[in-house]
Amino acid sequence: MTVNLPLVVVLGFFAWGAVKFLGVRPWIVVLVALFGFWLSHTFLAPAIETGTRSGVDVIDGSHD
């Protein structure tokens, strides 16, 4: 069985769990999310995308 979830939903569950169970303050979650959006518009974006795709390929078992 294959389940497709958007990355935003998965990250939302992690953020909710961090706030609920680890005591992370909600403003820190918002700050990290905003920093991620800012980082995606910098010169580091291609490296982040390549690393993310490589990590997904390794987890999926579809790497060469």
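Residues numbered from 1 in each chain as written. Predicted model: local features only at pLDDT ≥ 70, side-chain atom pairs only at ≥ 80, totals over all residues. Heavy atoms only, no water.

Student: What should I look at first to understand the overall build of the protein chain in this one?
Tutor: Across its full length, the protein chain carries 3 helices and 0 strands. Listing every helix and strand of the protein chain by position from the N terminus yields α-α-α. In terms of overall dimensions, the protein chain is more spread out than a globule: its C-alpha atoms have a radius of gyration of 14 Å, far above the 11 Å expected for 64 residues. Considered along the principal axes of its C-alpha atoms, the protein chain spans approximately 40 × 35 × 15 Å. Counting across all 64 residues of the protein chain, residues that qualify as buried make up 6%. Accessible surface, the protein chain: about 5,900 Å² in total, of which carbon and sulfur atoms supply 72%. (Helix = DSSP H or I, 4+ residues; strand = E, 2+ residues; numbered from the N terminus. Rg over C-alpha atoms; globule rule 2.2 N^0.38 Å. Buried < 20%, exposed > 50% of the residue type's maximum accessible area, 1.4 Å probe, protein only. Areas by Shrake-Rupley, 256 points an atom, 1.4 Å probe, with all protein chains shown as cover.)

Student: Would you mind showing me how to read the confidence of the model for the protein chain here?
Tutor: Parts of the prediction with low pLDDT should not have their coordinates interpreted in detail. For the protein chain, the mean per-residue pLDDT works out to 87, and 95% of the residues sit at or above 70. Ranking the elements of the protein chain by mean pLDDT puts helix α3 (residues 45-60) last with 86 and helix α1 (residues 7-21) first with 91. (pLDDT = per-residue confidence, 0-100.)

Student: Teacher, can you tell me more about the environment of A15 here?
Tutor: As for its position among the elements, A15 is in helix α1. Take A15: its relative accessible area is 22%, and that puts it in the partly exposed class. Separated by 14 residues in the primary sequence, A15 and V29 place their C-alpha atoms 6.6 Å from one another.

Student: Explain the pattern of salt bridges to me, please; I cannot follow it from the model alone.
Tutor: Side chains bearing opposite charge may pair, as long as their charged atoms lie close to each other. For the structure shown, the criterion picks out 1 salt bridge. Among the salt bridges present, the one from R53 reaches E49, with a minimum N-O distance of 2.9 Å. Separated by 4 residues within a single helix, R53 and E49 lie in helix α3, roughly one turn from each other. Judged by its relative accessible area of 43%, E49 is partly exposed. (Salt bridge = Lys/Arg side-chain N within 4 Å of Asp/Glu carboxyl O.)

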